[in-house]
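Single-letter residue listing:
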Amino acid sequence: MSAHHRVPARLSVWLRPLLVGVCVGVVCTTLLLLLCALLLYKLALPTTVVTPMALVALGLGGFGGGMAAGLCSREKGMLIGGLCGVVLALLLLIGGIADGKGPTWGYAVLEWAVLTVCSAAGGVLGVNRRHP
């Protein structure tokens, strides 16, 4: 009898690509937000551009995460990418709640929509990418 505990095959087909996509999405979004902060500082941009820059960074980070999830799963890219975006949005929502101030619900819905759509698009592109 094997001492190793394995994840059932049905679950690992979804779990591994989802975790990879979420991790890539978090890293991409963090790096893009740091780049946006640097641009705000160096170019002395007005504070009115903060929200659009953050949404663009979220969209691009979600796209990267969805693409990574699609590349890992190699099937059902829209579904796995959309799930990746939903998990990323939930992480942001939990972070907003943990902040103590509470999230702005309109902005939270906008984040969810941007992340889900961009991650699903990245998942489709990741699945349909030609492998050499």
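Residues numbered from 1 in each chain as written. Predicted model: local features only at pLDDT ≥ 70, side-chain atom pairs only at ≥ 80, totals over all residues. Heavy atoms only, no water.

1. Some points on unusual backbone geometry
Line of reasoning, step 1. At Ala44, a residue that is not glycine, the phi angle is positive and equals roughly 50 degrees.
Line of reasoning, step 2. Its place among the elements puts Ala44 in the loop between helix 1 (9–43) and helix 2 (50–73).
Line of reasoning, step 3. Its identity as a non-glycine residue notwithstanding, Arg74 has a phi of 60 degrees, on the positive side.
Line of reasoning, step 4. Examined against the element boundaries, Arg74 turns out to sit in the loop between helix 2 and helix 3 (77–98).
Line of reasoning, step 5. Residue Arg74 is classed as exposed on the basis of its relative accessible area, which comes to 58%. (Helix = DSSP H or I, 4+ residues; strand = E, 2+ residues; numbered from the N terminus. Buried < 20%, exposed > 50% of the residue type's maximum accessible area, 1.4 Å probe, protein only.)

2. Focus on the packing of helix 2 against helix 3
Line of reasoning, step 1. In the contact formed by helix 2 and helix 3, the axes pass within 8 Å of each other and the chain directions differ by 135 degrees. One finds that helix 2 runs oblique with respect to helix 3. Pair helix 2 / helix 3 crosses with right-handed handedness. Residues Leu58, Gly62, Gly65, Gly66, Ala69, Gly70 and Ser73 of helix 2 form the contact with helix 3, whose participating residues are Ile80, Gly81, Cys84, Leu88 and Leu92.
Line of reasoning, step 2. Of the residues assigned to the contact of helix 2 with helix 3, the class counts are six nonpolar, six polar and no charged. (Axes fitted to C-alpha atoms, helices over the stretch in contact; angles between N-to-C directions. Parallel < 35°, antiparallel > 145°, perpendicular 65-115°, else oblique. Left-handed = near helix turned anticlockwise from the far one by under 90°. Contact = heavy atoms within 4.5 Å. Nonpolar A, V, L, I, M, F, W, Y, C, P; charged D, E, K, R; others polar.)

3. A short note on the side chain of Thr29
Line of reasoning, step 1. Summarising the element assignment, Thr29 is placed in helix 1.
Line of reasoning, step 2. Using a relative accessible area of 10% as the deciding quantity, one classes Thr29 as buried.
Line of reasoning, step 3. Setting aside anything within four residues of it in sequence, one finds Thr29 in contact with Ala57, Leu58, Gly61 and Gly62.

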